[in-house]
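Notes for the structure review
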Amino acid sequence: MSETEQDTPAELLPYEELTRPEFAETAAATFTAEQLSSAILLQGPCPRCRTPIEVHLLEQVVGRGEPAQPAAEPKTIFCTCTDPHPNRPESRRSGCGAYWTLVLNRARG
Ligand SMILES: [Zn+2]
Ligand SMILES: [Zn+2]
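Let me sum up the structure you'll find in this document. (Residues numbered from 1 in each chain as written. Chains lettered and ligands numbered in written order. Predicted model: local features only at pLDDT ≥ 70, side-chain atom pairs only at ≥ 80, totals over all residues.)

Digging into the overall build of the chain
A count of helical and extended segments in the chain gives 1 helix and 5 strands. Secondary structure of the chain in N-to-C order comes out as α-β-β-β-β-β. Taken over 109 residues, the chain has a buried fraction of 19%. Put simply, 57% of the contacts in the chain that link residues at least 6 apart link residues at least 24 apart. (Helix = DSSP H or I, 4+ residues; strand = E, 2+ residues; numbered from the N terminus. Buried ≥ 20, exposed ≤ 12 C-beta atoms within 10 Å, placed from the backbone. Contact = placed C-beta atoms within 7 Å.)

Laid out in structure tokens, this is it:
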């Protein structure tokens, strides 16, 4: 029948809130993290719909004079693409519904 679906964006993924272990693995391998002044900018393709997305993680300032917060802190990342995904609820303006946990790796230094 049909060959493997490469380069077939015509087929729209329905919105679905789900996570899979490989989402986290894929995102960890493909996302880049850039340290901004008060946030971390994550960029990479959504592991589900493969649309390049950007996610700003605001750094939580825990307190004045506190030492740096723990280096590895798991964060839940939601896909924020603006592609049309059928069945997306009104309350959500973006994303395909995929989410995953990202552990920021900045233990260095
Ligand atoms: Zn997505
Ligand atoms: Zn998408």
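Focus: unusual backbone geometry
Despite not being glycine, R50 has its phi angle at roughly 70 degrees, a positive value. We classify R50 as partly exposed; it has 17 C-beta atoms within 10 Å. Here the phi dihedral of N87 falls at roughly 75 degrees; this positive angle occurs in a residue that is not glycine. Looking at the element boundaries, N87 is found in the loop between β4 (74-78) and β5 (99-103). The exposed category is assigned to N87, around which 10 C-beta atoms lie within 10 Å.

Looking at the nonpolar core
The nonpolar side chains of a soluble globular protein tend to be buried with one another. Within the largest apolar cluster, 15 residues are counted, with the highest numbers of intra-cluster contacts made by C46, I77, C79, C96, A98 and W100. Those elements that place two or more of their residues in this core are α1 (21-30), β3 (52-58) and β5. With sequence-adjacent residues up to four places away left out, C46 is seen in contact with T51, I53, C79, C81, C96 and A98. (Core = buried A, V, L, I, M, F, W, Y, C linked by C-beta atoms within 7 Å.)

Notes on the sheet that holds β3
Strand order in this open sheet of 3 strands is β1-β2-β3, and the pairing throughout is antiparallel. Of all strands in the sheet, those with a lone pairing partner are β1 (32-35) and β3, marking the two edges. Each strand axis lies, on average, 20 degrees off the axis of its neighbour in the sheet, ignoring direction. (Pairing = 2+ DSSP bridges. Axes fitted to C-alpha atoms, helices over the stretch in contact; angles between N-to-C directions.)

Looking at the environment of E34
With respect to the helices, strands and loops of the structure, E34 is situated in strand β1. Separated by 22 residues in sequence, E34 and H56 place their C-alpha atoms 9.6 Å apart. Residues contacting E34, with those up to four places away along its chain left out, are I40 and L41.

Some remarks on the environment of I40
Topologically, I40 is positioned in strand β2 (residues 39-45). With 17 C-beta atoms packed within 10 Å, I40 lands in the partly exposed category. Along the backbone, I40 and L104 are 64 residues apart, and their C-alpha atoms lie at a distance of 9.6 Å. Those residues in contact with I40 that lie beyond four places of it in its chain are A33, E34, Q35, L57, E59 and L104.

Some words on the pairing of β1
Within a regular strand, side chains alternate between the sheet's two faces. Here 4 bridges tie β1 to β2, and the two strands are oriented antiparallel to one another. Residue pairing for β2: T32 is matched across the bridge by Q43. Hairpin connection of β1 to β2: 3 residues between the antiparallel strands.

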